[in-house]
Amino acid sequence: MSFFSSLGSLLTTMAGGLDPLFGASAAAAAIVLFTLCVRAALHPLARAAVRGEKARAALAPKLTELSRKHKGDPERLRRAMAELRAKEGASPLAGCLPALAQLPVFFVMYHVFSTGSGAGDLLDHTLAGAPLGARWGGAFSGAPGLVYLGLFAVIAAVATWTYLRARRTTVPGAPGVARALPLLSFGTLVTAAVVPLAAALYLATSTTWTAVERALLHRGWRQSRVKPLSQSVNEVLRAGRP
């Protein structure tokens, strides 16, 4: 059995279980649930990516100092920054791990709903009247247009949030690829406009998960930094009491 037919069978089984709750949109609900399961399985990679971001943020002052020190020698600056990142174990592309790991899953999803290979009757399912195997027709009228309008709104909001956050965390002296990564968040919007609705639904669910996941991980990191500081202050105050 091929990967395509395996995914089709899995989604068909999940849609059958969700049919009493979602009716004609059961297959769309199955895609959302499947996407959440994939992202949950990739959560360790997301944690590793956030740790890499923290390491790069901690290196920012040192990278700024190197930029001043080797301002007139770009080649020496590049070597010095590479040596520093290697020493500290901070890769500028660590944040790409979750996205790269998802590519095979997205490709299989795209192939199944583009060619119908292994899809069974999944292509007959809809989301609010829009066929899962159809693509955006360039208009926002009718049920398919409204469905895509909602997906585009979700993806655009998440992409904007990701872009603004990534711009704040990009460290000085980062490679050109790392500086361009924030712009790639808008590539998801373009991709969703040309792939089948099922694949676009996968993208919308995955990008929303990413936004929530990173917000929670960074919030936990900030709290872990504040807590030891407050404990230290309390210890100092207790030590000063008679």
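Everything below is about the structure shown above.
Residues numbered from 1 in each chain as written. Predicted model: local features only at pLDDT ≥ 70, side-chain atom pairs only at ≥ 80, totals over all residues. Heavy atoms only, no water.

Visitor: Provide a residue-level description of the overall build of the chain, including the pertinent values.
Guide: A tally of helices and strands in the chain yields nine helices and two strands. Along its sequence from the N terminus, the chain presents helices and strands in the succession α-α-α-α-α-β-β-α-α-α-α. The burial tally for the chain puts 37% of its 242 residues in the buried class. In the chain, the share of contacts with a sequence separation of at least 24, taken over all contacts with a separation of at least 6, comes to 72%. Here the chain displays about 13,500 Å² of accessible surface, and carbon together with sulfur accounts for 66% of that area. (Helix = DSSP H or I, 4+ residues; strand = E, 2+ residues; numbered from the N terminus. Buried < 20%, exposed > 50% of the residue type's maximum accessible area, 1.4 Å probe, protein only. Contact = heavy atoms within 4.5 Å. Areas by Shrake-Rupley, 256 points an atom, 1.4 Å probe, with all protein chains shown as cover.)

Visitor: How would you summarise the packing of aromatic side chains if you had to cite specific residues and measurements?
Guide: In total, this model carries four aromatic pairs according to the counting rule given. Between the aromatic rings of Trp136 and Phe152, the centroid separation amounts to 5.2 Å while the plane-to-plane angle is 90 degrees, which identifies the pairing as edge-to-face. Of this pair, Trp136 sits in the loop between β2 (130-131) and α6 (142-169) while Phe152 sits in helix α6, and the two are 16 residues apart along the sequence. Since its relative accessible area comes to 26%, Trp136 is described here as partly exposed. For Phe152, a relative accessible area of 10% puts it in the buried group. (Phe/Tyr/Trp six-rings, centres within 6.5 Å; stacked < 30°, edge-to-face > 60°.)

Visitor: Could you give an account of a nonpolar patch on the surface, naming the residues involved and the relevant values?
Guide: A cluster of nonpolar side chains, namely Phe140, Leu146 and Leu149, defines an oily patch on the protein surface of about 280 Å² accessible area. Checked against the element boundaries, Leu146 lands in helix α6. Classification of Leu146 by relative accessible area gives exposed; the value is 54%. (Patch = residues over 30% accessible without salt bridge, like charges linked within 9 Å, V, L, I, M, F, W, Y side chains within 5 Å. Salt bridge = Lys/Arg side-chain N within 4 Å of Asp/Glu carboxyl O.)

Visitor: For the pattern of salt bridges, give the residues involved together with the corresponding values.
Guide: Within the structure shown, the criterion is met by one salt bridge. The salt bridge involving Arg39 is made with Glu213; its shortest N-O contact spans 3.4 Å. In this pair, Arg39 is assigned in helix α2 (residues 26-41) and Glu213 in helix α9 (residues 197-239), connecting sequence segments 174 residues apart. Of the two residues, Arg39 and Glu213, neither departs from the other in class, the shared state being buried.

Visitor: Now, about the nonpolar core: what can you tell me, with residues and values included?
Guide: Formed by 38 residues in total, the largest nonpolar core has its most connected members in Leu11, Ile31, Met109, Phe113 and Leu132. Elements with a contribution of two residues or more to this core: α1 (3-22), α2, α5 (97-115), α6, α8 (187-194) and α9. Setting aside chain neighbours within four positions, we find Phe113 in contact with Leu11, Ile31, Leu122, Leu123, Leu132, Gly133, Pro196 and Ala198. (Core = buried A, V, L, I, M, F, W, Y, C linked by side-chain atoms within 4.5 Å.)

Visitor: Mind laying out α8, listing which residues take part and the relevant values?
Guide: Of all the residues in α8, the buried ones are Thr188, Ala192 and Ala193. The arc enclosing the buried residues of α8, seen along the axis, measures out at 140 degrees, which places them on a common side. In α8, the exposed positions angled more than 90 degrees off the buried face are occupied by Val190 and Val194. (Arc of directions from axis to C-beta.)

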